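# Architecture at a glance
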Amino acid sequence: SVAQVPPEGIDANLAVFLAIALSIISIGNFWGTSEQRRLALRRRSIPAGEQGGRAATGSSEAGTTPQPQAGQEQEAISTKAILCLLIAATAVLLLMYFLYKYVVYVFIFLFALGSAFATGRCLSVLLA
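The next subject is the pattern of salt bridges. Where charged atoms of side chains with opposite charge meet at close range, the side chains can pair. Across all of its chains, the model carries 1 salt bridge by this definition. The shortest N-O distance in the salt bridge between E35 and R38 comes to 2.4 Å. Of this pair, E35 and R38 both sit in helix α2 (residues 34–45), 3 residues apart, which is roughly one turn of that helix. What makes E35 partly exposed here is its relative accessible area of 42%. R38 gets classed as partly exposed once you look at its relative accessible area, which sits at 38%.

Take a look at the structure:
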(Lines give C-alpha, C1' and ligand atoms only; values in the text may rest on other atoms or scores of the structure.)
Protein backbone atom coordinates (compact mmCIF):
# COMPACT_ATOMS: atom_id res chain seq x y z
CA SER A 1 0.00 0.00 0.00
CA VAL A 2 1.05 3.58 -0.59
CA ALA A 3 1.39 5.84 2.44
CA GLN A 4 -0.68 8.99 2.35
CA VAL A 5 1.33 12.11 3.14
CA PRO A 6 -0.79 15.05 4.31
CA PRO A 7 -0.07 18.33 2.51
CA GLU A 8 1.75 20.72 4.82
CA GLY A 9 1.83 23.84 2.68
CA ILE A 10 4.92 25.92 2.10
CA ASP A 11 7.69 25.31 4.58
CA ALA A 12 9.78 28.30 5.72
CA ASN A 13 12.94 26.36 4.84
CA LEU A 14 11.74 26.04 1.26
CA ALA A 15 11.12 29.79 1.05
CA VAL A 16 14.64 30.54 2.35
CA PHE A 17 16.15 28.00 -0.05
CA LEU A 18 14.25 29.55 -2.96
CA ALA A 19 15.36 33.06 -1.96
CA ILE A 20 19.01 31.97 -1.75
CA ALA A 21 18.83 30.21 -5.12
CA LEU A 22 17.23 33.19 -6.86
CA SER A 23 19.69 35.66 -5.34
CA ILE A 24 22.68 33.53 -6.37
CA ILE A 25 21.37 33.26 -9.94
CA SER A 26 20.71 37.01 -10.06
CA ILE A 27 24.17 37.88 -8.73
CA GLY A 28 25.79 35.45 -11.18
CA ASN A 29 23.88 36.95 -14.08
CA PHE A 30 24.82 40.49 -13.03
CA TRP A 31 28.47 39.55 -12.57
CA GLY A 32 28.63 37.51 -15.78
CA THR A 33 27.35 40.36 -17.93
CA SER A 34 29.34 43.16 -16.29
CA GLU A 35 31.94 43.21 -19.08
CA GLN A 36 29.23 43.56 -21.74
CA ARG A 37 27.60 46.42 -19.83
CA ARG A 38 30.96 48.14 -19.40
CA LEU A 39 31.70 47.88 -23.14
CA ALA A 40 28.23 49.16 -24.03
CA LEU A 41 28.69 52.17 -21.74
CA ARG A 42 32.09 52.86 -23.25
CA ARG A 43 30.66 52.71 -26.79
CA ARG A 44 27.90 55.17 -25.83
CA SER A 45 30.38 57.62 -24.29
CA ILE A 46 32.69 57.70 -27.37
CA PRO A 47 31.70 60.46 -29.84
CA ALA A 48 30.56 59.30 -33.28
CA GLY A 49 33.67 60.61 -35.05
CA GLU A 50 36.04 58.59 -32.86
CA GLN A 51 34.57 55.12 -33.35
CA GLY A 52 37.32 53.79 -35.55
CA GLY A 53 36.54 56.29 -38.30
CA ARG A 54 33.49 54.38 -39.53
CA ALA A 55 30.87 56.97 -38.61
CA ALA A 56 33.06 59.87 -39.75
CA THR A 57 33.77 58.40 -43.20
CA GLY A 58 30.27 57.04 -43.72
CA SER A 59 31.55 53.54 -44.48
CA SER A 60 29.20 51.97 -41.95
CA GLU A 61 26.44 50.09 -43.73
CA ALA A 62 22.99 49.56 -42.32
CA GLY A 63 22.12 45.93 -41.72
CA THR A 64 25.67 44.68 -41.17
CA THR A 65 26.50 42.77 -38.05
CA PRO A 66 29.00 44.42 -35.73
CA GLN A 67 32.44 42.83 -35.71
CA PRO A 68 34.04 41.87 -32.39
CA GLN A 69 36.55 44.34 -31.02
CA ALA A 70 40.18 43.46 -30.36
CA GLY A 71 40.47 40.98 -27.52
CA GLN A 72 36.92 39.69 -27.93
CA GLU A 73 36.08 36.34 -29.42
CA GLN A 74 32.79 35.13 -30.80
CA GLU A 75 31.88 31.61 -29.88
CA ALA A 76 29.54 29.58 -32.01
CA ILE A 77 27.69 26.73 -30.35
CA SER A 78 26.91 23.95 -32.75
CA THR A 79 23.81 21.80 -32.72
CA LYS A 80 26.00 18.78 -32.05
CA ALA A 81 27.40 20.37 -28.88
CA ILE A 82 23.90 21.24 -27.65
CA LEU A 83 22.69 17.68 -28.26
CA CYS A 84 25.72 16.25 -26.42
CA LEU A 85 25.04 18.54 -23.47
CA LEU A 86 21.37 17.57 -23.46
CA ILE A 87 22.20 13.85 -23.52
CA ALA A 88 24.79 14.24 -20.74
CA ALA A 89 22.39 16.24 -18.55
CA THR A 90 19.64 13.66 -19.11
CA ALA A 91 22.03 10.82 -18.24
CA VAL A 92 23.06 12.56 -15.02
CA LEU A 93 19.43 13.11 -14.06
CA LEU A 94 18.60 9.47 -14.76
CA LEU A 95 21.57 8.34 -12.68
CA MET A 96 20.45 10.61 -9.87
CA TYR A 97 16.92 9.24 -10.05
CA PHE A 98 17.72 5.54 -10.15
CA LEU A 99 21.00 5.41 -8.21
CA TYR A 100 20.61 8.34 -5.83
CA LYS A 101 21.91 6.60 -2.72
CA TYR A 102 25.21 5.91 -4.54
CA VAL A 103 25.60 8.87 -6.88
CA VAL A 104 25.04 11.42 -4.13
CA TYR A 105 28.41 10.47 -2.65
CA VAL A 106 30.09 11.04 -6.03
CA PHE A 107 28.58 14.53 -6.19
CA ILE A 108 29.57 15.29 -2.61
CA PHE A 109 33.14 14.21 -3.41
CA LEU A 110 33.22 16.31 -6.59
CA PHE A 111 31.84 19.33 -4.73
CA ALA A 112 34.44 18.93 -1.97
CA LEU A 113 37.22 18.51 -4.55
CA GLY A 114 36.12 21.60 -6.46
CA SER A 115 35.85 23.59 -3.24
CA ALA A 116 39.35 22.54 -2.20
CA PHE A 117 40.81 23.57 -5.57
CA ALA A 118 38.95 26.91 -5.54
CA THR A 119 40.05 27.63 -1.99
CA GLY A 120 43.63 26.77 -2.92
CA ARG A 121 43.53 29.12 -5.91
CA CYS A 122 42.10 31.95 -3.79
CA LEU A 123 44.69 31.44 -1.07
CA SER A 124 47.54 31.24 -3.57
CA VAL A 125 46.54 34.66 -4.95
CA LEU A 126 46.23 36.15 -1.47
CA LEU A 127 49.51 34.68 -0.21
CA ALA A 128 51.55 35.38 -3.36
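What follows continues from the structure just given.
The subject of this paragraph is the confidence of the model for the protein. Summarising the model, the protein shows a mean pLDDT of 79, and 72% of its residues fall at 70 or more. Averaged pLDDT values over the elements of the protein bottom out at 46 in helix α3 (residues 54–57) and peak at 92 in helix α5 (residues 100–127). Overall, residues 53–61 carries pLDDT values under 50, and its contacts beyond four positions in sequence, including any with other chains, amount to 5 contacts.

What counts as what
Residues numbered from 1 in each chain as written. Predicted model: local features only at pLDDT ≥ 70, side-chain atom pairs only at ≥ 80, totals over all residues. Heavy atoms only, no water. Salt bridge = Lys/Arg side-chain N within 4 Å of Asp/Glu carboxyl O. Helix = DSSP H or I, 4+ residues; strand = E, 2+ residues; numbered from the N terminus. Buried < 20%, exposed > 50% of the residue type's maximum accessible area, 1.4 Å probe, protein only. pLDDT = per-residue confidence, 0-100. Contact = heavy atoms within 4.5 Å.

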